[in-house]
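# Tertiary structure, described
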Amino acid sequence: MGAVSGLAHRARLRCRAGFAACLLGASSLVTPAALAQVQIPLPQAAFTLPAYWFKLEAAPRANDAGSALERRPVVIGLHGCGGALDTKGQLNPIWRRYAAYFAAERMHFVVPDSFSPRGVQSVCATPSRQRTVHETDRREDVFAAIAWLAEQPSVDPSRIFVLGWSHGGQTALLVADASDSFVKAQKIRPKAVAAFYPGCDQPLKMWTYQLEAPLLVMIGELDDWTRADTCAGLRDKVKRGQPGAPFELEIYLGSYHGFDGLGPVRTMENVGNTKSGKATVGGNPAAQKASHARLFEFVAAQTAEPLRLSHEERLKVKPLPLPLAAPP
């Protein structure tokens, strides 16, 4: 057993002995650095893409005598129709929470802000035909972020994972489309993709949609904003054209849009893309726990990165602090 793998094994034993001990042991391999706001070049735009970069500080490889940093997987988090920021212009707490989850598993995390540089705060109340920021724009943002990440010495470019919520999940579906000429032209593509409650209508209508990478879709049975049956239809369509396609679909019973959140179920008014102009949103504790476990099992399998924490331990990790560090 090598030095680094031996450390991981001992850290895992500490995890089993107790959560606090696991957090102490985690620093022997990587520790989360302070959040930094970075600017990512966009080749086809006159502006840069702001992104919130939760960079890990990786331990040296055992055979490099401390001269090189271990390259780690990275997760790109794609915000929903409400944007990456809260009403005060601060990074939404959900991103600090997920950054802490992935940091505990020794993975970098970055959140591109696709709305602010385009002068948009939210598109939730805007019908698709009236929106000025579309999933195809955000797909370009994702691949610009991938190109930037590939240049970071602590990132393993072969283990880049894309994870989106709602509008960001719809973007993730396009990122995974093997039939698209823009996707095919990219030098580096994600290892795998996951989406929480995306609208599957657009790719379902496409004749040529095929998977570029393994895909996990998680959606609520009762979702009246982005319907589960369209995602089931997309899975079936992909499987017919690609019998061995790695398309995994989880439908959570008794769950609405945003089932992985912590808030109560409520009716949201002024929704742009439903017939009634309303949608039901809110958390479901059982689905939240189940989807969290499913997500991390999928990420671990696709990145060949064994999980350090149990799912119960990970959910107890505190969000990472907000103060920004200087860009790397």
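Below you will find a few notes about this structure. (Residues numbered from 1 in each chain as written. Predicted model: local features only at pLDDT ≥ 70, side-chain atom pairs only at ≥ 80, totals over all residues. Heavy atoms only, no water.)

This brings us to the overall build of the chain. In terms of regular secondary structure, the chain is built from 10 helices and 13 strands. Counting all 328 residues of the chain, 53% fall into the buried class. Within the chain, counting contacts between residues at least 6 apart in sequence, those at least 24 apart form 74% of the total. Entry remark: accessible area of the chain is about 14,400 Å², with carbon and sulfur atoms responsible for 54%. (Helix = DSSP H or I, 4+ residues; strand = E, 2+ residues; numbered from the N terminus. Buried < 20%, exposed > 50% of the residue type's maximum accessible area, 1.4 Å probe, protein only. Contact = heavy atoms within 4.5 Å. Areas by Shrake-Rupley, 256 points an atom, 1.4 Å probe, with all protein chains shown as cover.)

Quick look at the pairing of strand β10 (residues 247–252) now. A regular strand carries its side chains on alternate faces of the sheet. Both strand β9 (residues 215–220) and β10 contribute to a ladder of 6 bridges, which runs parallel. Across the sheet, Ile219 pairs through a bridge with Ile251, a residue of β10. Regarding topology, helix α8 (residues 228–241) serves as the crossover connection from β9 to the parallel β10, and that connection is right-handed. (Pairing = 2+ DSSP bridges. Right-handed = clockwise from strand over helix to strand, strands pointing away.)

One pass over the full model with this rule turns up 13 salt bridges. Put simply, Asp180 and Arg139 hold a salt bridge, and the shortest N to O gap is 3.2 Å. Taken together, the positions of Asp180 in the loop between α5 (167–175) and α6 (181–184) and Arg139 in helix α4 (residues 135–150) put the pair 41 residues apart, joining distant regions of the chain. Using a relative accessible area of 17% as the deciding quantity, one classes Asp180 as buried. The residue Arg294 makes a salt bridge to Glu250 at a minimum N-O spacing of 2.9 Å. (Salt bridge = Lys/Arg side-chain N within 4 Å of Asp/Glu carboxyl O.)

As a further point, take the pairing of strand β6 (residues 108–112). Counting buried residues in β6 gives 5 out of 5 residues, a clear majority hidden from the surface. Side chains of β6 alternate between two faces, with His108, Val110 and Pro112 and Phe109 and Val111 buried alike. Relative to β6, strand β3 (residues 49–54) runs antiparallel, the two being bridged by 4 bridges. Directly across from Tyr52, in β6, lies its bridge partner Val111.

Moving on: the side chain of Gln152. Here Gln152 shows up in the loop between α4 and β7 (155–165). What makes Gln152 buried here is its relative accessible area of 13%. In this view, Gln152 contacts Trp53 and Arg71; residues no more than four positions away in its chain are not counted.

In this section: the nonpolar core. Ranked by size, the top nonpolar core spans 77 residues in total, and within it Ile76, Phe102, Phe109, Phe161, Leu163, Phe196 and Leu295 carry the most contacts. Of the residues forming this core, the biggest block, 8 residues, is contributed by helix α3 (residues 93–104). Sequence-distant contacts of Phe161, defined by excluding residues within four places in its chain, comprise Val74, Val75, Ile76, Ala192, Val193, Ala194, Leu295, Phe298 and Val299. In this structure, Val120, Cys124, Trp225 and Val281 belong to the second largest nonpolar core, which totals 11 residues. (Core = buried A, V, L, I, M, F, W, Y, C linked by side-chain atoms within 4.5 Å.)

Here we come to the state of the cysteines. What we call a disulfide is simply a covalent bond connecting the sulfur atoms of a pair of cysteines. Applying the stated criterion to the full structure yields 2 disulfides. Between the sulfur atoms of Cys81 and its disulfide partner Cys124 the distance amounts to 2.0 Å. Measuring handedness by torsion sign, the sulfur bridge of Cys81 and Cys124 sits at about 95° and is right-handed. Linking Cys81 in the loop between β5 (72–78) and α3 with Cys124 in the loop between β6 and α4, this pair joins segments that are 43 residues apart in sequence. Pair check on accessibility: Cys81 and Cys124 agree, each one buried. Each sulfur of the disulfide joining Cys200 and Cys231 lies 2.1 Å from the other. Note on the Cys200 and Cys231 pair: the S-S dihedral is about 85°, so by sign convention the disulfide is right-handed. (Disulfide = S-S within 2.5 Å.)

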